[in-house]
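Chain by chain, the residues run as shown.
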Amino acid sequence: MAADDATRAPAWVEPMLAKADGGRLRSGPEWAYEYKLDGYRAAMRIAPDGTTVLTSRNNIDFTAEFAELDGVLAPALDGRAAYLDGEIVVYGEDGRIDFELMQERRGRWVRHQSGPKGREFSDAPVRFLAFDLLRLGDRDLLATPYDERRALLASLPMPDPYRVSVVRAVTFAELAADRRTPADFLSHAASAGYEGVVAKLRSSAYVPGQRPDSWLKHPLIRTQEVIVCGWRPGQRSFTGTLGGLLLGAHDPETGSLVYIGDVGTGFSQAARADLKARLEGMERRTHPFVTAPPREDTVRARWVEPRLVGEVVYRQFTRAGRVRHTAWRGLRADKDPADVIAPRAVPQESAAPPPEPPGKRITVQAGDRRLTLSNLDKILYPAAGFTKGEVINYYSRVAPVLLPHLAGRPVTFIRYPDGVDGQKWFGKNVPNGAPSWLRTARLPSTGSRGSGDTIDYPLLDDLPGLVWAANIAALELHVPQWTVGDGTRNPPDRLVFDLDPGPGTSIVDCCRVAERLHDVLAADGLTPYAKTSGSKGMQLYCGIATGDPAAPSAYAKRLAQRLAKETPETVTAVMAKAQRPGRVFIDWSQNNPAKTTVAPYSLRGRDHPTVSTPVTWAEVRACRHVSHLTFTADDVLDRVTEHGDLLAGLAGERAPLP
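Keep in mind that what you see is a predicted model, and the values were worked out from it rather than measured.

**Q** Sorry if this is basic, but what is going on with the sheet that holds strand 36 (residues 597–598) here?
**A** Strand pairing in a sheet takes place through backbone hydrogen bonds and is either antiparallel or parallel in direction. Across the sheet, four strands lie side by side as 25-24-28-36; this open sheet has antiparallel pairing. In this open sheet, the two edge strands, each paired with only one partner strand, are strand 25 (425–427) and strand 36. Bridge analysis of strand 24 (residues 412–415) against strand 28 (residues 474–479) gives four bridges, and the strand direction is antiparallel. Counterpart to I414 in the pairing with strand 28 is E476.

Pasting the structure below:
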């Protein structure tokens, strides 16, 4: 691998790969641990004169695409050649590695690569994260133990850590000295948004092109490289574009191309259009598999040459050889179809979810109550690796600012016992098995199914009740705009405007409508507060004093209709779907006493643990991108530490309705 001259970068080496650990994270003083990254595996090969070549795991030249990484390390090498193994990543606004942003960037690069060489993408800067060193100067390090290679890598100065830096690695002994375990490191990786952890044998050599037992990956989410072998045209709302993809991979035993299922979710509108355009030019008359796929899977299928490699997230690989519960992640230009191997089904997997394992229970003190919590390591947000234990931790820590907004208000739960990818359950009545000390409110049923029945609503007025709700996976907490007293409904004390972005709009458009509503409400003597919905839109609240339960809806409807009349091209006060595209719907009807809105600081059942977050009006006015007002549980805890409760004044600033 020696460099021939000062301008020649070290020759490419087929990268060493990590083997799956079978679900058992290795433990012991012989192991070190690194974060598993979610980007493009790449080699950074640097010549003595600083000339830098970036290549993919299949020796595809990445240098022009990621030109901002060229020459970054040259000043630190003092004329020495170097070969670094690592990953090229893009970070999102939340400070976490974001593979979707990398895919979006790559799509733009492909479309514009005929432009000037070194075209920059300042809105999606890349970073090379190095985790191994294969050559330094004239020294070939392939046979050198991992510990020594890592020490040499860590000793290299990083002139620009925003563009090139070293992946954190920690040994078992270092964890133990901090009274921590490999499982703690894995838990931190999950909460920080990493894809998983890789355990590496500290005495191991670097073995090019192999998957030895010395590098073992423990993923937090299941991803699978796939070969795009066909597609289906979309139907209904997707008519005219791509509806889904038919997927293949090579059988690990025979090497034959086999059908492994399909994927129909996870595509952006742009991705559907781009894939359809590319696949239409690759069509063939028959399927490319060694055996025909099931007939029911191939209705309306259009087959293509098996050239494109993509990646999906999935929850299960069945004994029949199918990926189930899939979502598209994007194309992988850095992968070769010949290297795509189907996963192996394991005996434990079945169509039905496994029962919760026994013994996973702990007893904790919450306020003045002792609670038994179960299955804290159960992942409720698979895309983020966010566990039930982390949900309980979040609600426990946010309780001081959340509980005042729940006090005296009947709570409607949305429960996700199998995580956000599983079935959700709406609950108004207190579920069976609720503790006897839980406060409840028995109220007449409302809505179209009322019929004189009563509902026993839970009241979450204290920390034990909140922890109990989190333990039954009540991720979302919804409350009305009124409280209860002596078994009856009090008059409304809050006015709410629910701003819901229609197709083609986002929370950015909601912010522009919110600014207008702010001025109108302030002119009417009310004090508006804003929060995100934690999903796509946002809500505005005002503290009010009224004895008429119908008054808030009437007032909110007048304002919504006024704004819709002034700017009908951007605002609608009508719920009808036909009126929604390109407009923000001001849902005034949420003031109906029978309706609820998501509580401030409640988690949402989205892919990631996003939160309905109070925001300042300065933040509303400054919002120009969805990411500006997207907050996860960790973000919100930091915000509460900095700002306290931004809705704290809501209860004390009650004004009469005009």
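**Q** Please clarify how the nonpolar core should be interpreted in this entry.
**A** Nonpolar side chains tend to gather and get buried jointly when the protein is soluble and globular. The biggest cluster of nonpolar side chains holds 80 residues, and the ones touching the most others in it are Y394, Y395, L477, L495, F497, L499 and M538. Of the residues forming this core, the biggest block, 10 residues, is contributed by helix 7 (residues 388–406). Leaving out residues up to four positions away in the same chain, Y394 has contacts with Y601, L603, V611, A633, V636 and L637. In this structure, A249, F317, L331 and A342 belong to the second largest nonpolar core, which totals 32 residues.

**Q** How should the packing of aromatic side chains be read in this particular structure?
**A** Think of a pair of aromatic rings as described by two things: how far the centres are apart, and how the planes are tilted against each other in angle. Taken as a whole and assessed by the stated rule, the structure comprises 13 aromatic pairs. Aromatic pair F62 and F66: ring centres 5.3 Å apart, planes at 85 degrees, arrangement edge-to-face. Note on accessibility: F62 and F66 belong to one class, buried. Residues Y259 and F289 carry aromatic rings whose centres are separated by 5.6 Å and whose planes lie at 70 degrees to one another, so their mutual orientation is edge-to-face. Taken as a pair, Y259 in strand 14 (residues 257–263) and F289 in the loop between helix 6 (269–280) and strand 15 (302–303) lie far apart in primary sequence, 30 residues in all. Through pairs of rings, three or more aromatic residues link up here, namely Y33, Y35, F185 and Y194. Lying across the ring of W215, K200 places its NZ or CZ 3.7 Å from the centre. Over the ring of Y541 we find R494, and its NZ or CZ is 6.0 Å from the ring centre.

**Q** Got a minute to help me understand unusual backbone geometry in this structure?
**A** One can expect most non-glycine residues to show negative phi and most peptide bonds to be in trans. The phi dihedral of N59 falls on the positive side, at around 65 degrees, and the residue is not glycine. For N59, the position within the fold is in the loop between strand 4 (52–56) and helix 1 (74–77). One non-glycine residue, R300, lies in the positive phi region at around 65 degrees. Mapped onto the fold, R300 is located in the loop between helix 6 and strand 15.

What counts and how
- Residues numbered from 1 in each chain as written.
- Predicted model: local features only at pLDDT ≥ 70, side-chain atom pairs only at ≥ 80, totals over all residues.
- Heavy atoms only, no water.
- Pairing = 2+ DSSP bridges.
- Helix = DSSP H or I, 4+ residues; strand = E, 2+ residues; numbered from the N terminus.
- Core = buried A, V, L, I, M, F, W, Y, C linked by side-chain atoms within 4.5 Å.
- Buried < 20%, exposed > 50% of the residue type's maximum accessible area, 1.4 Å probe, protein only.
- Contact = heavy atoms within 4.5 Å.
- Phe/Tyr/Trp six-rings, centres within 6.5 Å; stacked < 30°, edge-to-face > 60°.
- Lys NZ or Arg CZ within 6 Å of the ring centre and 35° of its normal.

Bear in mind that shape data such as this cannot, by itself, settle questions of function.
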